[in-house]
Amino acid sequence: MMNRKKTQRLYTPQFNVCDYVANLEKHGDNVAYAWFGHDAERTLHELTYRELAGNVKKLAAGLCAEGMGGARIALCGETSPEWVTTYLAILLSGGVAIPMDRELAVTEIEAFLAFAEADGIFFSSLFNEKFDHLAREHPSVRHVIALEPAGCTFADVPGFISFDALLTAGAADTAYAPTPSPDTGRMAAMLFTSGTTGSSKCVMLSEKNIFAAMNAACECVEFFPDDTILSVLPIHHTYELCCMLAGLNYGMKIAINDSLKHVMKNINFFKPTGIVLVPLFISTMYKRILDEARRKKQDKVLLHALTLSRTVRRLGLDPREKMFAGVRSALGGRIVKFVSGGAPLNPRLVRDFEELGIHIAEGYGITECSPLLACNPYYAPKPGSVGPAVNCCRVRIMDGTLRLGDTIHLMAGDRDYEVVRLGEDGLPRKVKVTDHAGSFVNYEQPFEEYVAQYAQPMLRRKTFVADFAGFAAAYVEGFRRRLTEVQASYRARKAAFDELFSDRPYDTNGSGAYRWACALRRLDACDPENVTRKLAQAIGI
């Protein structure tokens, strides 16, 4: 692929939520959000940056006025300006935001809230009935805040209040004045994600983490203040949230997709210049383009045009705007970039979309890194690569597993955090799984009883690896070595680990401090050699 010219990044770096919100206000009457209402007519709504910043400050004041300043507060619902307002207001009031996946079963949400010792939860109208038991019986949640209270079945509980009522309470507090936190290293967010075992874990991020990743996104993706970005992915994912915070910092217009059924309709309505996606979406779009060309008996013409465009551009000419006007028109007519993350993207798609005039910025990250780690630079793109580490991160390959010339695929998704080294034939030769220490979900179960879950990264690849026995043996040995190291590290600093959560409530029903103690006892009691034998048996070697 040909390099592009590096452009000036027109944004102001932010290092705390107070300054971030102040910067939002500077964008004035520019539209921050555009979205459709839930009514049958799908009424279009817009919110300016001035209104957004004002609402964040009023909500933060309202939280403090109602005794929720500094509290741990969850958010559960679909993407909306209210969701983002709440997230920023929780941080601004000195609290801890706990984004929840709205697709989870209510019992799972209740368990996560208990683990996090959440004091309150904001929820959308989707949960106006579903959260009835939670609102009345949850052991830690004392405040339930409805974004849209109409029809809520538990409006009678003592801790119930509406989003609008909190805004009103905050507006009445004329003495409230947000100030930057003296400690941006404090915990500001708790996020529940899953490792390779499929067992959920809690990731804790600081205010510094959140805005370092946001600044990195502003720097490495070719965003502009006049962009319109369509938000498609779930907002509780750090990948989507990080990109959205970056877009707002630039002063872009964020259009919210209200349903996966309406994606193409919304693309043509809002006419975005960019979309943040996962590879599955991009692959689906590419397939639709080819299917439409095939339906019109133009598929061979399209593929020939892609090759011709690539050749002509090497001569210094750019025919893409006219040559692919029909394809671009079907995508709203203004799209010039996709941001891709969450899984590896087929390099062919990067090349072909580039020929269509749509640049793909492919990146890599994990929630633990808040989440951005690396991004393929727009001014020197390399298909099949996620690019160098962003300016706030350092990436290191441990144990000498990376040699010059190796092909590395970094894979991150809701249930997989792996580093995969590919051979010359494109098949995996080495996998590094980052979750060896277990989780806090099966916290009372011995390692020997659930270690079989760690066999899944190998079993998924059994039919694709030439020397599976050797491949799996190396994995098992790496597991044994790492578990032994973790156990030795704990035993060497036992007092420090044991005291880490001693100030938190210790409840045998499953509080965080109790789970931590159980996990440490299990780690200390396990026999790495026996655990490893069980793992080998589960893999079948």
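Residues numbered from 1 in each chain as written. Predicted model: local features only at pLDDT ≥ 70, side-chain atom pairs only at ≥ 80, totals over all residues. Heavy atoms only, no water.

A count of helices and strands for the protein gives 20 helices and 18 strands. Relative to its full complement of 541 residues, the protein shows a buried share of 52%. (Helix = DSSP H or I, 4+ residues; strand = E, 2+ residues; numbered from the N terminus. Buried < 20%, exposed > 50% of the residue type's maximum accessible area, 1.4 Å probe, protein only.)

Before going further, it helps to spend a moment on the pattern of salt bridges. This model, assessed by the stated rule, comprises 23 salt bridges. Between glutamate 103 and arginine 102 there is a salt bridge whose closest N-O contact spans 3.8 Å. Judged by its relative accessible area of 61%, glutamate 103 falls in the exposed class. By relative accessible area, arginine 102 is classed as partly exposed at 36%. The salt bridge involving aspartate 352 is made with arginine 310; its shortest N-O contact spans 3.1 Å. Separated by 42 residues along the polypeptide, aspartate 352 in helix α14 (residues 347–355) and arginine 310 in helix α11 (residues 299–314) bring together distant segments of the chain. Exposure remark for aspartate 352: the relative accessible area of 6% places this residue in the buried category. (Salt bridge = Lys/Arg side-chain N within 4 Å of Asp/Glu carboxyl O.)

This part is about the pairing of strand β6 (residues 143–146). Pairing geometry for strand β5 (residues 120–123) and β6, over 4 bridges, is parallel. Paired with isoleucine 121 across the bridge in β6 is valine 144. Looking at chain direction, β6 and strand β7 (residues 160–162) are connected through 3 bridges and run parallel. By the bridge assignment, isoleucine 145 is partnered in β7 with isoleucine 161. (Pairing = 2+ DSSP bridges.)

Let us look at the packing of helix α7 (residues 207–220) against helix α8 (residues 238–250). Across the interface, α7 lies against α8 with an axial gap of 8 Å and an inter-helix angle of 65 degrees. One finds that α7 runs roughly perpendicular with respect to α8. For the pair α7 and α8, the crossing hand works out as right-handed. Two secondary-structure elements touch here, α7 through Ile210, Ala213, Met214, Ala217 and Cys218 and α8 through Cys242, Leu245, Ala246, Asn249 and Tyr250. (Axes fitted to C-alpha atoms, helices over the stretch in contact; angles between N-to-C directions. Parallel < 35°, antiparallel > 145°, perpendicular 65-115°, else oblique. Left-handed = near helix turned anticlockwise from the far one by under 90°. Contact = heavy atoms within 4.5 Å.)

Within the element layout of this structure, isoleucine 358 appears in the loop between α14 and β14 (359–365). For isoleucine 358, a relative accessible area of 1% corresponds to the buried category. Along the sequence, isoleucine 358 and arginine 320 sit 38 residues apart, while their C-alpha atoms lie 9.8 Å from each other. In this structure, isoleucine 358 is in contact with Arg328, Leu331, Ile335, Val336, Lys337, Phe338 and Phe353, ignoring residues within four places of it in sequence.

Attention shifts here to the side chain of arginine 72. Secondary-structure assignment places arginine 72 in strand β3 (residues 72–76). A polar side-chain atom of arginine 72 sits 2.9 Å from the main-chain carbonyl oxygen of alanine 116. Every residue in contact with arginine 72, bar those within four places of it in the chain, is listed here: Val96, Ile98, Ala116, Glu117, Ala118, Asp119, Gly120, Met187, Met190 and Arg504. (Polar contact = N/O pair within 3.5 Å; in protein donor to acceptor, adjacent residues only side chain to side chain.)

With that settled, the discussion passes to α8. The end-to-end C-alpha distance of α8, which contains 13 residues, comes to 18 Å, matching closely the 18 Å that a straight helix rising 1.5 Å per residue would cover. In the segment just after α8, glycine 251 is the residue with positive phi, at about 95 degrees. (Expected span 1.5 Å × (residues − 1).)

What follows deals with the environment of lysine 271. Tracing the backbone shows lysine 271 in the loop between α9 (263–270) and β12 (274–277). Separated by 42 residues in sequence, lysine 271 and isoleucine 229 place their C-alpha atoms 8.9 Å apart. Residues within four places of lysine 271 in sequence aside, it is in contact with Asn266, Gly332 and Arg334. Within the structure, the side chain of lysine 271 is placed 3.2 Å from the backbone oxygen of asparagine 268, a separation counted as a polar contact.

What follows covers α9. Val263, Asn266, Ile267 and Phe270 are the residues of α9 that are buried. For α9, the arc enclosing every buried residue in end-on projection is 105 degrees, short of the 170-degree limit, so these residues lie on one face. If you follow the buried residues of α9, they end up packed against β1 (31–36), β2 (44–48), β10 (228–231), β11 (253–256), β12 and α10 (279–295). (Arc of directions from axis to C-beta.)

The subject of this paragraph is the confidence of the model for the protein. Confidence in the prediction for the protein averages 87 pLDDT; 89% of positions are at 70 or higher. Across residues 400–418 the pLDDT falls below 50, and counting only partners more than four positions away or on other chains, this stretch makes 65 contacts in the model. Within the model, the stretch residues 434–438 combines pLDDT values under 50 with 14 contacts to residues more than four positions away or in other chains. (pLDDT = per-residue confidence, 0-100.)

On to the packing of aromatic side chains. According to the stated counting rule, one finds 18 aromatic pairs in the structure shown. Here phenylalanine 223 and tyrosine 250 contribute two aromatic rings whose centre-to-centre distance is 6.0 Å and whose plane-to-plane angle is 70 degrees, an arrangement assigned as edge-to-face. A residue pair is termed long-range when its members are at least 10 positions apart, and phenylalanine 223 in the loop between α7 and β10 and tyrosine 250 in helix α8 qualify at 27 residues. Take phenylalanine 223 and tyrosine 250: they sit in the same class, and that class is buried. Each ring, one from tyrosine 378 and one from tyrosine 379, has its centre 5.1 Å from the other, and the planes form 85 degrees; the classification is edge-to-face. Residue classification places tyrosine 379 among the partly exposed positions, given a relative accessible area of 31%. The rings of Phe123, Phe127, Phe131, Phe154 and Phe160 are connected pair by pair, giving a single aromatic cluster. (Phe/Tyr/Trp six-rings, centres within 6.5 Å; stacked < 30°, edge-to-face > 60°.)

This part takes up the pairing of β1. The element β1 is extensively covered by neighbouring structure, given that 5 of its 6 residues are classed as buried. Pairing between β1 and β2: 5 bridges, direction antiparallel. For alanine 34, the partnering residue across the bridge sits in β2 and is glutamate 46.

Attention now moves to the side chain of arginine 9. Among the structural elements, arginine 9 can be located in the segment before α1 (17–26). In this structure, arginine 9 is buried with no salt-bridge partner, the nearest side chain bearing the opposite charge being glutamate 222 at 4.5 Å. At 2.5 Å, the side chain of arginine 9 forms a polar contact with the backbone oxygen of phenylalanine 223. Here the side chain of arginine 9 touches tyrosine 250 through a polar contact of 3.1 Å, side chain to side chain. Contacts of arginine 9, omitting those with residues within four sequence positions, involve Cys218, Glu219, Val221, Glu222, Phe223, Phe224, Tyr250 and Tyr378. (Lys, Arg positive; Asp, Glu negative; His and termini not counted.)

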